[in-house]
Amino acid sequence: MAFILNEEQQEIIQLIDDFFTREVDPHLQEWDATSEPDINVIRKAMELGFHKLDIPEEHGGSGLDLYTMSAAIECMGRHDIGFASGFTTTTAPWKIVLGMGTDEQKTWADRVFGEENKIGCFCLTEPSGGSDASAMRTTAVRDGDDYIINGTKCFITSAEYGEIFAVMAVTDKTKGAKGISCFMVDRNLPGVQVGKHEDKLGFRTSYTNEIAFQDVRVNKKWMVGPEGLGFIIAMNTLDGARLTTGTMALGLAQRALEESVKYAKERVAFGKPIIAKQGIAFMLADMEARVQVTRSMIEHTVQLIESGKPFIKEASICKMIASEYAMQNAIDAVQILGGYGCCKEYPVEKLLRDAKVLCIVEGTTQIQKDVIARHLAKEY
Ligand code: COS
């Protein structure tokens, strides 16, 4: 079972699939080994508009509905999670402005992100803590018409070549989560320093960097939303990102399944293809069930969003089950491929490394459980 798509939707997915097959897949081994994806391929995909598929048409995007978008993200995740995350995160600042910005900010965002294809980054996490996001230490202190930003953000996707950073910073230390605000910060401002990119376990086909802000002066017109709304803005961003990450994880789980079935049908042991062995067949059945359960949960969450219903708990469930099931499918794929599963010539050992990272990014599995449990406490 895949997403059920009409002809027009299928054509969109086919376009994405063709691009990844042609421009991304042949380079994956190299990018994974060096941890240096080619920025030119990322730019090429942005020229085709892949980063703005779900941006409304009146703001210069393709205006894809969330259902088609989910199929598109699954397709990208099936090819490569790391490269896909380069697109799915790059419009976070744009979406923040479209959600909470002034008309002037929206016109600016449509131009820089939509026409000039500038790469945006979402800057929340800090070295002193990722899960406890409201305990951040980066500050933005008012000075006349400006704010002076000081602090360090880390694990920032695409910061290597990022051009506009959506930075969450504390504007009032006495107010906790309500004392955090959101700023659009240009990379070229004096005091912005992007550090070296991390040499990671998985997601090696995306860049992840630290960014230091030292006395960075930002005019108040670059604050998005009222002062103190930054944490809610960040959480709203994560709500959407958790569904997206879950959908990319679905793509990975599907890929692990496909590679396993293909191998199990070809590989002969004890006189039969190993798919005929119950030990392998049952693993494959479990893998398929994980994929289908995840896709159904994503479809349900999409329906909630499209009908304007609350979806925070469901987005966390999507992220939690999709990443954990992707991890289990990747473990099973390595087991089924055996010795070959451990070799870099075959794709599944990379899936395993990528899947582990999926269980951590955009809120760990434990954070998702925390979010789900907090909702349960209110619901019953
Ligand atoms: N969506 C919208 N608003 C949210 C929200 C969400 N998912 N979660 C919390 N909020 C709101 C709350 O409703 C509260 O506002 P009100 O007081 O007006 O109701 C405010 O934000 C503060 O919430 P809370 O007190 O629950 O904040 P906590 O500091 O306890 O933290 C968690 C809540 C754990 C959910 C948050 O810190 C979190 O998500 N951490 C993980 C961060 C993460 O995923 N990082 C990944 C890297 S980013 S790429």
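This text follows the structure it describes.
Attention here is on the structure that accompanies the text.

Cut-offs applied
- Residues numbered from 1 in each chain as written.
- Predicted model: local features only at pLDDT ≥ 70, side-chain atom pairs only at ≥ 80, totals over all residues.
- Heavy atoms only, no water.
- Disulfide = S-S within 2.5 Å.
- Core = buried A, V, L, I, M, F, W, Y, C linked by side-chain atoms within 4.5 Å.
- Buried < 20%, exposed > 50% of the residue type's maximum accessible area, 1.4 Å probe, protein only.
- Helix = DSSP H or I, 4+ residues; strand = E, 2+ residues; numbered from the N terminus.
- Contact = heavy atoms within 4.5 Å.
- Axes fitted to C-alpha atoms, helices over the stretch in contact; angles between N-to-C directions.
- Parallel < 35°, antiparallel > 145°, perpendicular 65-115°, else oblique.
- Left-handed = near helix turned anticlockwise from the far one by under 90°.
- Nonpolar A, V, L, I, M, F, W, Y, C, P; charged D, E, K, R; others polar.

As for the state of the cysteines
Applying the stated rule across the entire model yields zero disulfides. Free of any disulfide, Cys121 has its nearest neighbouring cysteine sulfur in Cys123, separated by 5.8 Å. With no disulfide of its own, Cys359 has Cys318 as its nearest cysteine by sulfur position, at a separation of 15 Å.

Looking at the nonpolar core
Judged by nonpolar contacts, the single largest core of 69 residues is most densely connected at Ile16, Phe20, Val24, Phe83, Phe87, Leu252 and Ile336. The biggest single contributor to this core is helix H10 (residues 312-337), with twelve residues. Sequence-distant contacts of Leu252, defined by excluding residues within four places in its chain, comprise Gly77, Arg78, Ile81, Ala326, Ala330, Leu351, Asp354, Ala355 and Leu358. Of all hydrophobic cores here, the second largest spans 26 residues; its members include Trp94, Leu124, Val224 and Ile233.

Details of the packing of helix H6 (residues 92-100) against helix H7 (residues 103-115)
Taken N-terminus to C-terminus, the directions of H6 and H7 make an angle of 160 degrees; their axes are 9 Å apart at the nearest point. For the element pair H6 / H7, the angle class is roughly antiparallel. As H6 runs across H7, the sense of the crossing is left-handed. For the pair formed by H6 and H7, the contact residues are Pro93, Trp94, Val97 and Leu98 on the first element and Gln105, Lys106, Trp108, Ala109, Asp110, Phe113 and Gly114 on the second. In terms of residue class, the contact of H6 with H7 is built from seven nonpolar, two polar and two charged.

Some thoughts on the environment of Pro347
With respect to the helices, strands and loops of the structure, Pro347 is situated in the loop between H10 and helix H11 (348-358). For Pro347, the residues in contact, after removing those within four places along its chain, are Arg255 and Glu259.

Let's talk about the packing of H10 against H11
Two elements in contact, H10 and H11, have axes whose closest approach is 8 Å; the angle formed by their N-to-C orientations is 155 degrees. By the criterion of interaxial angle, the relationship of H10 to H11 is roughly antiparallel. Considering how the two elements wind past one another, H10 and H11 form a crossing that is left-handed. Packed against H10, whose contacting residues are Lys319, Ser323, Ala326, Met327, Ala330, Ile331, Ala333, Val334 and Leu337, the element H11 presents Val348, Glu349, Leu351, Leu352, Ala355, Lys356 and Leu358 at the interface.

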